[in-house]
Amino acid sequence: MLSPHGICLLWEPELIWLHVASDAIIAAAYFSIPFALTILVTKRRDLQFGWVFWAFAIFIMACGLTHLLSIYTLWVPVYGIEGIVKAVTAAASIFTAGALWPLLPRILAIPSPFELQKVQAALEEEEIKSRDATLLLKQVGDAQRAMRESMTRLTAIVETAVDGVILFDAQARILLFNPACERLFGYRADEIMNHDIGMLMSDEKRPSSAGHGRFATGEAVGLRKDGSTFPMDLSVGQAWQDGELIHVGIIHDLTARKLTEQQLQQAQKMETVGQLSGGIAHDFNNLLTVIIGNAELLSEQLKARPDLQQFADDICESGERGAELTQRLLAFSRRQLLQPRAIDCRDLILSMLKLFKRTLRENIEIRTTFGPGTIQAFADRAQLESAVLNLALNAQDAMPSGGHLTLSTEIAAIDEDYRSLHPEVASGSYALISVTDDGEGMTPDVIERAFEPFFTTKEVGKGSGLGLSMVYGFAKQSDGHVSIYSEEGLGTTVRIYLPRVGTGQSVADMPEADEAAPRGHETILIAEDDPFVRSSVIQRVEALGYRVVAAFNSQEALQRLRTDPGIDMLFTDIVMPGGMSGWELAEQARRMRPGLPVLFTSGYALETLIEQGRVQAHAVVLTKPYRKAELAQRLRDAFAAVAVTS
């Protein structure tokens, strides 16, 4: 009853224990497999089919349990329990087998070790290619960075270049227009891009697309936006870009050089005339000595013949007048003997007032103005008095119906900006004596020749033409300078600059330093007819931080005001061509733009301008010539004056 299988096994113990041992080993093996699968699934959570392993583990566990029941049923007949376990095992086997077959294609798709090796080799090859690509990309990046740095440097050079740089194609269309070109021509870059380069030049040397790439190189005449012209040097080169021919033009403004050349030519002409006149005067003095001496002897011998003695006296008097003229020629040629010493300019002018009142007509009113402090010049007193007297007599001739003669003295400075217009003058601090009249004035042609010996606009017999030439020679021989500012119908101012006594003060040492000058950012409209003065003023105003709009006459200035609402101030010369003065321009500008600040400039005396009704007493006026610090302060004064009025 306890060994139901004993009958089947014929009660052979060896056979019974063979079944027991075999089933026990199979059960132990089956039980170990689920443990291994459990460890695998828990450790490898990335397995795609983890639930299959769990199902397989349950199936194997059930199989092991059936083998244990097989051992147990050798002695205990629990066939019902064994049947239930086998039924569960059968169900587990069906589920596992049913789930395994659909997964078989996916399991087969899992790469084999050989395939994994191939994939690994491919990955290694791709990694090598990736490293090569990375290296190539790095090289390309380095090349691009170097190109960007090169372009940045090139752009910085072009943007900061003093000379203009223009890039244009074979059809003469502008491709690049640097800031220097904007300042030179008055156009913004966006206004002129893709336009024909010919619009920047006069008709003399205008490059065109019809020239088939042959563009003029050398001196040319530039045409600004406002219609004014300026001399320039044009250098054109060629290059290829993307298979197309392009041209690079370098433009250098020759305005300053041309002005210097003109000044040099004028100085050389005056020097040549001076040498010639000096030589003539020296030889002529020898002849006059003989003539005057013989005339005096002849006069003594002819006392008995008064009629003939009068001829001898006339010869002697004419000889003395000739000697006077030769003395002035020697002064112009700077060959006279000077005895320079310290002269108080204020005392000199006051001491000459009595002489002026006796010499000049009664309808000439004499005035004096003096700068603060003691103003001492180092010069020959007699020659300086003679020079001032000559200027006073010239002023009287310019005022046939009477007028005002103003004598003034002050300390003046000649800086590098003034030297750019007058290169023969040394910069520094000078004692200045000015003689101003409100007479007929001079034309530009007369001003240009005013210092030449024997040049005169007076009638024959009323002037030798040596008065101003003597003043010029005296100033130059004294290491000084003389200048004329005159306008037709307005009058004339002649300034004599003489070295100061005991000052070795240069312009750089004076308190009006550029760095102390007030600056601004506003837009200023400059109306000036003289191209050289206009160019100089534009540079100086821009250097103070302002934006500049230029006009060469009053009509052009009004047009600028209409089209440019950003203009903050009008800076105009008082005497302008075209029938409209700077004062009238200011009035029309203020009708158009009420409250517009206006700064006037003139080389004429402010007092006379006010008397003639040319300028109101409250107007802000900058007297020519002026230093940069004076310009900066007057600009701010003009803005402040409007602010106070409003």
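Everything below is about the structure shown above.
Every value quoted in this text rests on a predicted model; they were computed, and no experiment measured them.

Rules behind the numbers
- Every chain is numbered on its own, with residues counted from 1 as its sequence reads.
- A pLDDT threshold of at least 70 governs which residues receive local features in this predicted model, and a stricter bar of 80 or more applies before side-chain atom pairs are shown or counted, although totals over entire chains, interfaces and linings include all residues.
- For the side-chain quantities, the full set of heavy atoms in the structure was used; hydrogens and water were omitted.
- In this description, strands pair whenever DSSP reports at least two bridges between them.
- The numbering of helices and of strands both runs from the N terminus, where a helix is a DSSP run of H or I of at least 4 residues and a strand a run of E of at least 2.
- Between N-to-C directions, angles span 0 to 180 degrees; the directions come from axes that are lines fitted to C-alpha atoms, helices contributing only their stretch in contact.
- Throughout, a residue-residue contact means that at least one pair of heavy atoms, one from each residue, lies within 4.5 Å.
- The classification of residues rests on relative accessible area computed with a 1.4 Å probe and restricted to protein chains. Under 20% of the type maximum is buried, over 50% is exposed, and intermediate values are partly exposed.
- Arc definition: directions from the helix axis to the C-beta atoms.
- What we call a nonpolar core is a set of buried Ala, Val, Leu, Ile, Met, Phe, Trp, Tyr and Cys residues that are connected through their side-chain atoms within 4.5 Å.
- With respect to orientation, any angle under 35 degrees is reported as roughly parallel, any angle over 145 as roughly antiparallel, any angle of 65 to 115 as roughly perpendicular, and every other angle as oblique.
- Rotating anticlockwise by less than a right angle from the far helix to the near helix defines a left-handed crossing, while the corresponding clockwise rotation defines a right-handed one.
- Under this grouping Gly is polar, as are all residues other than the nonpolar Ala, Val, Leu, Ile, Met, Phe, Trp, Tyr, Cys and Pro and the charged Asp, Glu, Lys and Arg.
- The aromatic pairing rule takes the rings of Phe, Tyr and Trp, using the six-membered ring of Trp, and pairs them if the centres are within 6.5 Å, calling planes under 30 degrees apart stacked, those over 60 edge-to-face and the rest tilted.
- Surface patches are defined over residues having more than 30% relative accessible area and no salt bridge, joining like charges when they lie within 9 Å and nonpolar side chains (Val, Leu, Ile, Met, Phe, Trp, Tyr) when within 5 Å.
- Calculation of accessible area relied on Shrake-Rupley with a 1.4 Å probe; when residues are assessed, cover is drawn exclusively from the protein chains displayed.
- In what follows, salt bridge is the name for a side-chain nitrogen of Lys or Arg lying within 4 Å of a carboxyl oxygen of Asp or Glu.

Visitor: Summarise the sheet that holds strand 16 (residues 598-602); cite the residues concerned and give the values.
Guide: Spatial ordering of the open sheet is given by 14-13-15-16-17, a layout of five strands whose pairing is parallel. Bordering the open sheet on either side are strand 14 (547-551) and strand 17 (620-623), each of which pairs with just one other strand. Averaged over all neighbouring strand pairs, the angle between strand axes comes to 25°, with direction disregarded. Across four bridges, strand 16 lies against strand 17 in parallel orientation. Within the sheet, the bridge partner assigned to Leu-599 lies in strand 17 and is Val-620. Most of the contacts of helix 14 (residues 531-543) go to strand 14, to which it runs at about 165°, and overall it touches strand 13 (523-527), strand 14 and strand 15 (569-573).

Visitor: Got a sec to walk through the pairing of strand 4 (residues 229-241)? Specific residues and values, please.
Guide: Bridge analysis of strand 3 (residues 218-223) against strand 4 gives six bridges, and the strand direction is antiparallel. Residue Val-221 lies in a different strand from strand 4, and its bridge partner there is Pro-231. The hairpin formed by strand 3 and strand 4 contains five residues between the paired strands, and Gly-227 there has a positive phi angle of roughly 95°. Relative to strand 5 (residues 244-253), strand 4 runs antiparallel, the two being bridged by ten bridges. Bridge pairing links Leu-234 to Ile-251 in strand 5. The turn joining strand 4 and strand 5, which pair antiparallel and follow one another in sequence, is formed by two residues; a positive phi near 55° is taken by Asp-242.

Visitor: Lay out helix 16 (residues 582-592) in plain terms, naming residues and giving numbers.
Guide: Gly-582, Trp-583, Leu-585, Ala-586 and Ala-589 are the residues of helix 16 that are buried. Along the axis of helix 16, the buried residues cluster in a sector spanning 155°; they form a single face.

Visitor: Outline the nonpolar core, listing residues and values.
Guide: With 38 residues, the main nonpolar core has Phe-356, Leu-384, Leu-405, Val-482 and Ile-496 as its most contacted residues. Within the second largest apolar cluster, 23 residues are counted, among which are Ala-551, Leu-570, Leu-596 and Val-621.

Visitor: Give a description of the pairing of strand 5 that names residues and reports values.
Guide: Within a regular strand, the side chains alternate between the two sheet faces. One ladder, built from six bridges, connects strand 1 (residues 164-169) with strand 5; its direction is antiparallel. Bridging across to strand 5, Gly-164 finds its partner in Ile-251.

Visitor: Explain the packing of helix 15 (residues 554-563) against helix 16 to me, using residue names and the numbers behind them.
Guide: With their axes 10 Å apart at the nearest point, helix 15 and helix 16 run at an angle of 15° to one another. Here helix 15 lies roughly parallel to helix 16, going by the angle between them. Judged by the sense of rotation from one axis to the other, the crossing of helix 15 with helix 16 is right-handed. The residues of helix 16 that touch helix 15, namely those facing Ser-554, Ala-557, Leu-558, Leu-561 and Arg-562, are Leu-585, Gln-588, Ala-589 and Met-592. Of the residues belonging to the contact of helix 15 with helix 16, the class tally is six nonpolar, two polar and one charged.

Visitor: Talk me through the packing of aromatic side chains; I want residue IDs and the actual numbers.
Guide: Scanning the model with the defined rule gives four aromatic pairs in all. Residues Phe-185 and Phe-230 carry aromatic rings whose centres are separated by 5.4 Å and whose planes lie at 65° to one another, so their mutual orientation is edge-to-face. Taken together, the residues Phe-185 in helix 5 (residues 179-185) and Phe-230 in strand 4 connect sequence positions 45 residues apart. Here Phe-185 matches Phe-230 in class, with each residue buried. Look at Trp-583 and Phe-600: their rings are 5.2 Å apart centre to centre, the planes differ by 45°, and that puts the pair in the tilted class. A residue pair is termed long-range when its members are at least 10 positions apart, and Trp-583 in helix 16 and Phe-600 in strand 16 qualify at 17 residues. The pair formed by Trp-583 and Phe-600 is uniform in burial state, with each residue classed as buried. Joined through ring pairs, the aromatic side chains of Phe-177, Phe-185 and Phe-230 make up one cluster.

Visitor: Account for the packing of helix 9 (residues 345-359) against helix 10 (residues 381-397), with residues named and values stated.
Guide: Axis separation between helix 9 and helix 10 bottoms out at 11 Å; the angle between their running directions is 45°. Accordingly, the angle class assigned to the pair helix 9 and helix 10 is oblique. Note that helix 9 runs across helix 10; the crossing there is right-handed. Here Asp-347, Leu-348, Ser-351, Met-352, Leu-355, Phe-356 and Thr-359 of helix 9 lie close against helix 10, whose contacting residues are Arg-381, Leu-384, Glu-385, Val-388, Leu-389, Ala-392, Leu-393 and Gln-396. Here the residues of the contact of helix 9 with helix 10 are counted per class, giving nine nonpolar, three polar and three charged.

Visitor: Can you explain the sheet that holds strand 9 (residues 403-414)? Please cite residues and give values.
Guide: As summarised here, the arrangement of the five strands in space is 7-9-10-12-11, forming an open sheet in which the pairing is mixed. Looking along the sheet, the strands with just one partner apiece sit at the ends: strand 7 (364-370) and strand 11 (481-487). Pairwise comparison of adjacent strand axes, ignoring direction, gives a mean angle of 20° for this sheet. Strands strand 7, strand 9 and strand 10 (428-437) of the sheet are contacted by helix 9, whose axis makes an angle of about 170° with strand 7. The sheet contacts of helix 10 involve strand 7, strand 9, strand 10 and strand 12 (491-499), and relative to strand 10 the element is tilted by about 35°.

Visitor: Could you give an account of the environment of Phe-35, with specific residues and numbers?
Guide: By secondary structure assignment, the location of Phe-35 is in helix 1 (residues 13-43). When its relative accessible area of 56% is taken as the criterion, Phe-35 is described as exposed. Sequence separation between Phe-35 and Ala-57 is 22 residues, and the spatial gap between their C-alpha atoms is 7.9 Å.

Visitor: Summarise unusual backbone geometry; cite the residues concerned and give the values.
Guide: The phi dihedral of Ala-172 is positive, around 65°, even though this residue is not glycine. Looking at the secondary structure, you find Ala-172 in the loop between strand 1 and strand 2 (174-177). Looking at Ala-172, the relative accessible area reads 0%, which means it is buried. Positive phi outside glycine occurs at Asp-479, with the angle close to 65°.

Visitor: Could you give me a rundown of a nonpolar patch on the surface, with the residues and numbers involved?
Guide: Together, Met-147, Met-151 and Leu-154 line one region of the surface with nonpolar side chains, adding up to about 320 Å² of accessible area. When you line up the elements, Met-147 lands in helix 4 (residues 113-160).

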